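Spelled out from the first residue to the last, the chains are:
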Amino acid sequence: MAMSGGSDDGAPMMEMNMTPLIDVLLVLLIMFIITIPVATHAISIDLPSPVANPDTPDVDPIKNKIVITQDDVILWNAETISEGELVNNLQQSLAFEVEPELQYEPEANASYEKSAKVLNIIKISGVTKFGFVGNEKYRSFSAGAESAS
């Protein structure tokens, strides 16, 4: 390690020599790494096997309908489900040899946030036979709005 005593003009050295400090820190780091105990023991736990939820509505092999209510409730074929059960049902529908049709119908006052979240889940699942249904009942609203303006 090289050490300097300052400049030749007799002025005191203003910079701190960092080399010894870095050397000490590296030695401490190596000692710390060496002294960490290695986790060599394992605890085996017998977890229960996953069982299909009997309350989960069945996936129809022909056609399934998702409705978002104005209370932010997801209905799968007119039965209430959670977002997790929605993902499970979508995976089950993709397991069929011929993918069943998935119809999506949010109610008129359903929240946009919940509708967008459900659409994103459907998109991520990889469902290809997907369609919006029930839009024709809102035509009278848009026609009335156009004639009023």
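Everything numeric in this text was worked out from a predicted model, so none of it was measured.

Calculation rules
- Residues numbered from 1 in each chain as written.
- Predicted model: local features only at pLDDT ≥ 70, side-chain atom pairs only at ≥ 80, totals over all residues.
- Heavy atoms only, no water.
- Helix = DSSP H or I, 4+ residues; strand = E, 2+ residues; numbered from the N terminus.
- Buried < 20%, exposed > 50% of the residue type's maximum accessible area, 1.4 Å probe, protein only.
- Phe/Tyr/Trp six-rings, centres within 6.5 Å; stacked < 30°, edge-to-face > 60°.
- Pairing = 2+ DSSP bridges.
- Right-handed = clockwise from strand over helix to strand, strands pointing away.
- Salt bridge = Lys/Arg side-chain N within 4 Å of Asp/Glu carboxyl O.

Once that is clear, we can look at unusual backbone geometry. Phi is positive for D72, which is not a glycine, with a value near 60°. Structurally, D72 is set in the loop between β1 (63–68) and β2 (74–76). We note that A78 has phi near 70°; this positive angle belongs to a residue other than glycine. Looking at the secondary structure, you find A78 in the loop between β2 and β3 (79–81). Classification of A78 as exposed rests on a relative accessible area of 72%.

A few words on the packing of aromatic side chains. For the coordinates displayed, the defined rule picks out three aromatic pairs. Ring geometry for Y104 against F132: centres 5.6 Å apart, planes inclined by 85°, an arrangement best described as edge-to-face. Here Y104 is found in strand β4 (residues 101–106), whereas its partner F132 is found in strand β5 (residues 130–132), with 28 residues between them in sequence. Ring geometry for F130 against F132: centres 5.3 Å apart, planes inclined by 75°, an arrangement best described as edge-to-face.

Alignment of β1 against β4, held across six bridges, turns out to be parallel. Bridging from a neighbouring strand, I66 pairs with Y104 of β4. Direction of pairing for β1 relative to β2: antiparallel, over a ladder of three bridges. Looking at β2, one finds that V67 is bridged to L75. In this structure, the hairpin formed by β1 and β2 is closed by a connection of five residues, where D72 is found at a positive phi of approximately 60°.

To continue, consider the pairing of β4. Bridge count between β4 and β5: three bridges; the pairing is parallel. Bridge pairing in β5 places Q103 opposite G131. At this point the chain moves from β4, through helix α3 (residues 112–125), to the parallel β5, and the crossover so formed is right-handed.

Once that is clear, we can look at the pattern of salt bridges. All told, the structure shown has three salt bridges when counted by the stated rule. Of the charged contacts, one joins K114 and E83 as a salt bridge, the two residues approaching to 2.9 Å between their closest N and O atoms. Of this pair, K114 sits in helix α3 while E83 is found in helix α2 (residues 83–94), placing the two residues 31 residues apart along the sequence. Assessed through its relative accessible area of 16%, K114 is described here as buried. With a shortest N-O distance of 4.0 Å, E83 and K117 are connected by a salt bridge. With E83 in helix α2 and K117 in helix α3, the pair connects residues that are 34 residues apart, well separated along the chain. By relative accessible area, which is 26% here, E83 ends up partly exposed. Note on K117: relative accessible area 41%, which makes it partly exposed. In this structure, a network of salt bridges that share partners links the residues E83, K114 and K117.

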